[in-house]
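Chain residues, written in single-letter form:
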Amino acid sequence: MSAPQRPLDGILVLDLGHIYQAPYCAFLMAMAGATVIKIEPPNGEPLRRRAAVAGGSVPQAMLNSNKQGLSIDLKNPKGREIFLRLVDRADVLIENFSPGAMDRLGLGHEALLKRNPRLIYAAGSGYGQTGPDRDRLAMDLTVQAAVGMMHTTGFPDGPPTKAGPTVCDFLGGTHLYGAVMTALFARERTGKGTFVEVAMQDAAYSTLASAIGMHFGGERGKAPPRTGNSHAGLAMAPYNVYRASDGWIAIIVVTEGHWDRLLRAMGQEALIGDERFRSNADRVKHMAEVDGLVTAWTSRHTRAELEELTRQHGVPAAPVRTLEEVLEDPGMHERGMLRWVDHPEVGRVVLPSTPLRLEGAPPPDFAPSPFLNQHEAEVLGGMLGIEEAEREALRAAGALGPRFSGL
């Protein structure tokens, strides 16, 4: 009996991505079984260069597991020719250079689709390939600012605040993966490749749904206030992060049943049916009183005690955990999402798998992220038949990156 196939077995992906957005899209494809060749310039992509900072190369290890490493200078004519030979075989190309950068090299989507009509060319960017902001420099921080995310984050008496995680890059990468998979599905019907693109700003916009609802539901022309840890639309109560005796816990009440169960967990059964708190609309009117009532209870208990009580009573809640606690999360380790790895470049670290689960598909094997140009022999020798002597001549001509010397 043959081993079950992974969903993307047989798909060849050229990953020209840097930092987070495009590499995460390609990471998801690699974890689904695609053969992903990470193509970097001779000095490596920018994320690799962060290794000079303590812990800086861990994101590189996180996002490039199960990929093959190849270093080509696309600005070198001989390097471009090698790249084009790979394009001839590829199913997908992913990049997140500044819009127009690949066109200036003669390697834009129109040129590559003429050469390989079945290619899916996927481009990630900050603000899109068209429009007045096309050439605006984009990083996660600046996109958070531009899309309105920072304006809605923070407390009313404080400045606009960025989200701690790198949300726009990864929203962009996830949506780019969706675009690639949609295009691959369409190719099954038409036999034709296409160009797809995702702007980080576009991908992040819908996260503002609650704040946008508040904007249209409030006084037009008046910016909704920053709401701290309360609901962005100030439309739910309780909905906040409450102090525990040893930290914080997030509690949200969605239904009236949740509210009644929370009151029982708090030992406040006498307040069930109280007209001040009977409905969500009533509780929103008395939000400060509700938050005070909940805080008086949570502050007397530890996070663990509160987690146990809210679980027992069926109340949506979770302790605010430290990063160390998340890295040790038993559920994520049991499900295979997280694993401890002795990585040849960064040491013993926790690395993620894919959050995508497909019934019947085997879980992905794990191969550590490649060193710069680690798989030159496998890709150029094995796939394109370029002998070692010819590769050394190409290296001498500046077309290839440094020779990988082994682990």
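The protein has the name CoA transferase in an unreviewed UniProt entry, where Neoroseomonas eburnea is given as its organism.

Caption draft 1: Broad picture of the side chain of Asn-373. Summarising the element assignment, Asn-373 is placed in the loop between strand S11 (347-352) and helix H16 (376-383). Within the structure, Asn-373 has its side chain in polar contact with the backbone oxygen of Pro-402 (distance 2.9 Å). If sequence neighbours within four positions are ignored, Asn-373 has contacts with Gly-69, Leu-70, Ser-71, Arg-395, Gly-401, Pro-402, Arg-403 and Phe-404.

Caption draft 2: Quick look at the side chain of His-231. Of note, His-231 is situated in the loop between helix H9 (209-217) and strand S7 (239-244). One polar contact links the side chain of His-231 to the main-chain amide nitrogen of Gly-233, over a distance of 3.0 Å. A polar atom in the side chain of His-231 sits 3.3 Å from the backbone nitrogen of Ala-235. Discounting residues that sit within four places of it in the chain, His-231 has contacts with Ser-210, Met-236 and Tyr-239.

Caption draft 3: The packing of aromatic side chains, seen in detail. Applying the stated rule across the entire model yields six aromatic pairs. Grouping aromatic residues by their ring pairs yields a cluster made of Tyr-20, Tyr-24, Phe-27 and Phe-170.

Caption draft 4: Quick look at the environment of Arg-311. Its location among the elements puts Arg-311 in helix H13 (residues 303-313). The spacing of Arg-311 and Ala-265 is 46 residues in sequence and 9.5 Å in space, taken between C-alpha atoms.

Caption draft 5: Spatial organisation of helix H3 (residues 77-89). The first and last C-alpha atoms of H3 sit 19 Å apart over 13 residues, in line with the 18 Å expected at 1.5 Å per residue. Considered for burial, the residues of H3 that qualify are Gly-79, Ile-82, Phe-83, Leu-84, Leu-86 and Val-87.

Caption draft 6: Broad picture of the sheet that holds strand S8 (residues 247-252). Taken in spatial order, the three strands line up as S7-S8-S9 in an open sheet, and their pairing is antiparallel. Lying at the two open borders of the sheet, with one neighbouring strand each, are S7 and strand S9 (317-319). Across the sheet, the mean angle separating the axes of adjacent strands is 20° when strand polarity is ignored. Across the sheet, helix H12 (residues 287-298) is in contact with S7 and S8; its angle to S7 comes to roughly 30°. Sheet strands in contact with H13 are S7, S8 and S9, and its direction is about 20° off that of S8.

Criteria and cut-off values
Residues numbered from 1 in each chain as written. Predicted model: local features only at pLDDT ≥ 70, side-chain atom pairs only at ≥ 80, totals over all residues. Heavy atoms only, no water. Helix = DSSP H or I, 4+ residues; strand = E, 2+ residues; numbered from the N terminus. Polar contact = N/O pair within 3.5 Å; in protein donor to acceptor, adjacent residues only side chain to side chain. Contact = heavy atoms within 4.5 Å. Phe/Tyr/Trp six-rings, centres within 6.5 Å; stacked < 30°, edge-to-face > 60°. Expected span 1.5 Å × (residues − 1). Buried < 20%, exposed > 50% of the residue type's maximum accessible area, 1.4 Å probe, protein only. Pairing = 2+ DSSP bridges. Axes fitted to C-alpha atoms, helices over the stretch in contact; angles between N-to-C directions.

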